[in-house]
Every structure is written in structure tokens, then in C-alpha cells.
Amino acid sequence: MTRCKACEHPDRAVIDRALLGAGQSPRSIVRRYRGISRLEVQRHRDECLAQNERKETA
Ligand SMILES: [Zn+2]
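Residues numbered from 1 in each chain as written. Predicted model: local features only at pLDDT ≥ 70, side-chain atom pairs only at ≥ 80, totals over all residues.

What the chain contains, in helices and strands, is 4 helices and 0 strands. Helices and strands in the chain line up, N terminus first, as α-α-α-α. Within the chain, the proportion of its 58 residues that are buried is 14%. Sequence-distant contacts in the chain: of pairs separated by 6 or more residues, those separated by 24 or more amount to 52%. (Helix = DSSP H or I, 4+ residues; strand = E, 2+ residues; numbered from the N terminus. Buried ≥ 20, exposed ≤ 12 C-beta atoms within 10 Å, placed from the backbone. Contact = placed C-beta atoms within 7 Å.)

Below, the structure is given as C-alpha cells:
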């Protein structure tokens, strides 16, 4: 259903952890992982990860 490049990325779990756990910026993440743009990572963080958070706290 979701057409998110980050969600479909093979290293998605690592990217998620970098965003949330380590609090890394999308810019530093796209430097490390090919095939994904900064905007995709930002959207993933703001939409996909924010939704997960909302679901857990609701
Ligand atoms: Zn996503």
C-alpha cells in the first residue's frame, strides 16, 4: 500500500534506527545508503515513523 522508498529499502531497519535511535539527519543517511533520496527519508520519518508512534501511544 505504501509507496515509500525507505519502507521498501533492504536496509530499512537500519535506516529507522539511525533516524530514531541515533537521531541522525536524513542527509547523513542518504550518503550512506544508495538508491534513496533525502526527501524520501524525510517523508519516511515524518509520515511512516510518525504514524507508528501515533499508533503505539493511542
Ligand atoms: Zn516509509
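Let us now look at the environment of Leu 20. Mapped onto the fold, Leu 20 is located in helix H2 (residues 12-20). Leu 20 sits 29 residues away from Leu 49 along the chain, and the two C-alpha atoms are 8.6 Å apart.

The biggest cluster of nonpolar side chains holds 6 residues, and these are Ala 6, Ile 15, Leu 19, Ile 29, Ile 36 and Val 41. If sequence neighbours within four positions are ignored, Val 41 has contacts with Ala 6, Ile 15, Pro 26, Ile 29, Val 30 and Ile 36. (Core = buried A, V, L, I, M, F, W, Y, C linked by C-beta atoms within 7 Å.)

What follows is about the environment of Gly 35. Inspection of the secondary structure assignment puts Gly 35 in the loop between helix H3 (26-32) and helix H4 (38-57). Residue classification places Gly 35 among the exposed residues on the basis of 11 C-beta atoms within 10 Å. Between the C-alpha atoms of Gly 35 and Ala 6, which are 29 residues apart in sequence, the distance is 9.3 Å.

Turning our attention to the environment of Arg 45. Here Arg 45 is to be found in helix H4. A count of 18 C-beta atoms within 10 Å places Arg 45 in the partly exposed class. Between the C-alpha atom of Arg 45 and that of Leu 20, which follows or precedes it by 25 residues, the distance is 8.4 Å. Residues in contact with Arg 45, not counting those within four places in the same chain, are Leu 19 and Pro 26.

Turning our eyes to something else, we now look at the confidence of the model for the chain. Looking at the chain, pLDDT values average 86 and 83% of them are 70 or higher. Taking the mean pLDDT of every element in the chain, the minimum, 80, falls on H4 and the maximum, 94, on helix H1 (residues 5-8). (pLDDT = per-residue confidence, 0-100.)

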